[in-house]
Amino acid sequence: MFATFRQRRYLGMFGVVLVIAVICVALGTWQIFRFDEKRAANQDLRNNNKNRTTEIAAALGPASAPTGTGKTDEYRHVTATGHYLNAHETLVRGQSVGEEVGYLVLTPFQTDGGVLLVARGFISQTQAAAVTPTPPAAPSGTVSITARLEPAGIKPDRLGALPDNQVLSVNPADQSARLRLPVWNAYAELLPAQPGDAGLTVIPDPDLSNPAGGAEPPQHAAYVVQWYLFAGLALAMPFVLAAAERRREEEDAEEARLAAGNSNPSAPQAATKPTTNTRKARRADLDDRLAGRS
């Protein structure tokens, strides 16, 4: 077999399968890191969701100089005391709750530390998207709320370019420019039974089975096994092909030897022609020998 491997074509094959194996091992190792990252990200989000509720400024710092973001504090429960800025309410389009399509009712909530964008709830789209529904008004006066933090976006909200009071995204920078007030770089979804959610569909709790989204952690573990298995199969391929080739060569040599051992040129022509039964016997003998070698 080693003589077979010294052939030029096998040397080339070894080079190709080695490259394939290195790529597969690299992908499998990357999936190990992805598995660890996904598991850590899921655990962080679960911890945020169950941590003690804290005041908004303690969680994110003042709105004028925030120390936290909605991304790192996603699902954290916060409290705030202030009043709703009903005149600056917008509806975030393209949202869904269950099977319903509609809008998040986004109302700025002014506190002593800045403005928190609060998604008070969800309202269904019952008419064409060009027709903006009218949600129930938020309460006036000073109230205290408890809400769940969510990361805001950087995509322009396009207020004014869409139908009346509709926005494309939750963008604190755009809101701050319009309000001329500091706005926290996150938004918050009202928890049930809070001031401001009356008449609206409560935004459901997040699914904490795989809160980071994407592939489940066990899938990443399966990908690790898959890529390492592919690497092993690639490395084994030249050995399998060489063994098969060597087996064919041995079969051909054995068949030639048997044919040469049964030939007799000096004998009469009639004697050199094997009968049908003789040919069958020789073939059976050859098959038995080859079976014994396999």
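(A) Quick peek at helix H5 (residues 217-261). Over its 45 residues, H5 runs 66 Å from end to end, which matches the ideal 66 Å to within 8%, given 1.5 Å per residue. Taking the largest bend as the criterion, H5 deviates by roughly 35°, centred on Ala 236, and proline Pro 238 comes between one and four positions later. Turning to H5, its buried residues number three or more, namely Pro 217, His 220, Val 224, Ala 231, Ala 234, Pro 238, Ala 242, Glu 245, Glu 254 and Leu 258.

(B) Local environment of the packing of aromatic side chains. Per the counting criterion, the structure on display carries three aromatic pairs. Ring centres of Phe 14 and Phe 239 lie 5.8 Å apart, and the angle between their planes is 80°; on these two criteria the pair is classed as edge-to-face. Separated by 225 residues along the polypeptide, Phe 14 in helix H2 (residues 8-50) and Phe 239 in helix H5 bring together distant segments of the chain.

(C) Representation of the confidence of the model for the chain within the structure. Averaged over all residues, the pLDDT of the chain is 85; the fraction at 70 or higher stands at 86%. Confidence over residues 269-273 falls short of pLDDT 50; this stretch has two contacts with residues more than four positions distant or in other chains.

(D) Highlighting the pairing of strand E6 (residues 143-151). A large share of E6 lies buried, amounting to seven of its nine residues. The pairing of strand E2 (residues 77-84) with E6 spans six bridges and is antiparallel. When the bridges of E6 are listed, Thr 81 appears paired with Ser 144.

(E) Representation of the side chain of Glu 74 in the model. For Glu 74, the location among the structural elements is in the loop between helix H3 (56-60) and E2. There is no salt bridge for the buried Glu 74, and the closest opposite charge comes from Lys 71, which lies 4.3 Å off by N-O distance. With near-sequence residues (within four places) excluded, Glu 74 lies in contact with Leu 45, Asn 48, Leu 149, Glu 150 and Pro 151.

Thresholds applied
- Residues numbered from 1 in each chain as written.
- Predicted model: local features only at pLDDT ≥ 70, side-chain atom pairs only at ≥ 80, totals over all residues.
- Heavy atoms only, no water.
- Helix = DSSP H or I, 4+ residues; strand = E, 2+ residues; numbered from the N terminus.
- Expected span 1.5 Å × (residues − 1).
- Bend = angle between axes of the 7 residues up to and from the residue.
- Buried < 20%, exposed > 50% of the residue type's maximum accessible area, 1.4 Å probe, protein only.
- Phe/Tyr/Trp six-rings, centres within 6.5 Å; stacked < 30°, edge-to-face > 60°.
- pLDDT = per-residue confidence, 0-100.
- Contact = heavy atoms within 4.5 Å.
- Pairing = 2+ DSSP bridges.
- Lys, Arg positive; Asp, Glu negative; His and termini not counted.
- Salt bridge = Lys/Arg side-chain N within 4 Å of Asp/Glu carboxyl O.

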